[in-house]
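# Structural overview for review
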Amino acid sequence: MSRDVIIACDFAGREETMEFLDLFGDRKLFVKIGMELYYSCGPEIVREIKSRGHRIFLDLKLHDIPNTVEKAMRVLSRMDVDMCNVHAGGGRTMMEAAVRGLTREDGTRPVIIAVTQLTSTDEKTMREELLIDRPLDEVVTEYGRMAADAGIDGVVCSPLEAGKIHSACGENFLTVTPGVRLAGDAAGDQKRVTTPAVAAELGSDYIVVGRSITGAANPPEAYDRCCREFMG
Ligand code: C5P
């Protein structure tokens, strides 16, 4: 199993992002590019970060009709990202189309994971707004199973759900988990947070860490602490 720390580069533009990455010198990182940075800088930001030797998780959470998602994934595949994602709520056919679109002629493709339920969605929202009348952890697990059946490699979930997902979908099905804070850091808007050490104990494969690294006085030191705690 490949355990790693992914840094969420939630910056508004290119300059801040590159200034941040420069702090790490020649080190090769796993960087998450989200909607804000991608929509402000476009594919060029992916190419530039990639050309520095970093791996990229492009977090665009696609959710559309299967044909559109398949074609969009074909474009992302050509951009040579390492990891990308869709919403499991788009359904099995959409996820199958995503995997198809992502797969290159030589059979290789980036890793693709699915968002089950956003961490900002709670059971009340699910019941009253999405009209899903099932317990949240059951929905997360069932969406995980559906994603695995569709050929998806893993899910984004809370570290607290990693064990259940592995039991339902197999040990090799990836759990990519945000909501991680170094001990002593503020939780901010995250509701259920764990430390990198606890995420490792709970079976997360990748932790996604934003503010505990980007907001630290010494980001490379905070990153090292995350790596030590998570990967030993
Ligand atoms: O700063 P922080 O460590 O909370 O950043 C977490 C990152 O993971 C953010 O980029 C956020 O958008 C992302 N994320 C999340 N919860 C999800 C999916 C993505 O926090 N369910």
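What counts and how
Residues numbered from 1 in each chain as written. Predicted model: local features only at pLDDT ≥ 70, side-chain atom pairs only at ≥ 80, totals over all residues. Heavy atoms only, no water. Helix = DSSP H or I, 4+ residues; strand = E, 2+ residues; numbered from the N terminus. Buried < 20%, exposed > 50% of the residue type's maximum accessible area, 1.4 Å probe, protein only. Contact = heavy atoms within 4.5 Å. Phe/Tyr/Trp six-rings, centres within 6.5 Å; stacked < 30°, edge-to-face > 60°. Pairing = 2+ DSSP bridges. Axes fitted to C-alpha atoms, helices over the stretch in contact; angles between N-to-C directions. Near = heavy atom within 4 Å. Polar contact = N/O pair within 3.5 Å; in protein donor to acceptor, adjacent residues only side chain to side chain. Areas by Shrake-Rupley, 256 points an atom, 1.4 Å probe, with all protein chains shown as cover. Nonpolar A, V, L, I, M, F, W, Y, C, P; charged D, E, K, R; others polar.

You can see Ala222 is positioned in helix α11 (residues 219-231). On the accessibility criterion, Ala222 (8% relative accessible area) is buried. Considered as a pair, Ala222 and Ser212 are 10 residues apart in the sequence and their alpha carbons are 7.0 Å apart. Residues contacting Ala222, with those up to four places away along its chain left out, are Leu182, Ser212, Ile213 and Ala216.

In an α-helix, one full turn covers 3.6 residues, which means residues spaced three or four apart are oriented alike. Buried within helix α5 (residues 92-102) are the following residues: Met94, Met95, Ala97, Ala98, Val99, Gly101 and Leu102. Contacts made by the buried residues of α5 are with β3 (55-62), α4 (66-78), β4 (83-87), β5 (111-115) and α7 (136-149).

Next up on the list: the packing of aromatic side chains. With the rule as written, the count across this model stands at five aromatic pairs. Arranged with centres 5.3 Å apart and planes meeting at 65°, the rings of Phe20 and Phe24 form a pair that is edge-to-face. Each member of the pair, Phe20 as well as Phe24, carries the same accessibility label: buried. Measuring from centroid to centroid gives 5.8 Å for Phe30 and Tyr206, while their planes differ by 85°, and the two rings are edge-to-face.

A barrel is described by the order of its strands in space; here eight strands give the closed sequence β1-β2-β3-β4-β5-β6-β7-β8, paired in parallel fashion. Geometrically, the sheet is characterised by an average inter-axis angle of 25° between neighbouring strands, direction not taken into account. Summarising the sheet, β3 and β4 pair through three bridges and their orientation is parallel. In the strand pairing of β4, Phe57 is matched with Met83.

Taken together, 13 residues are adjacent to the ligand, and Asp10, Lys32, Gln190, Gly210 and Arg211 come closest. Residue Lys32 places a side-chain N or O atom 2.9 Å away from an oxygen atom belonging to the ligand. One nitrogen or oxygen atom from the side chain of Arg211 is found 2.7 Å from an oxygen atom belonging to the ligand. When isolated, the ligand has an accessible area of 460 Å², and the protein chains bury 84% of it. Within the shell around the ligand, the residues separate by chemical class into five nonpolar, three polar and five charged.

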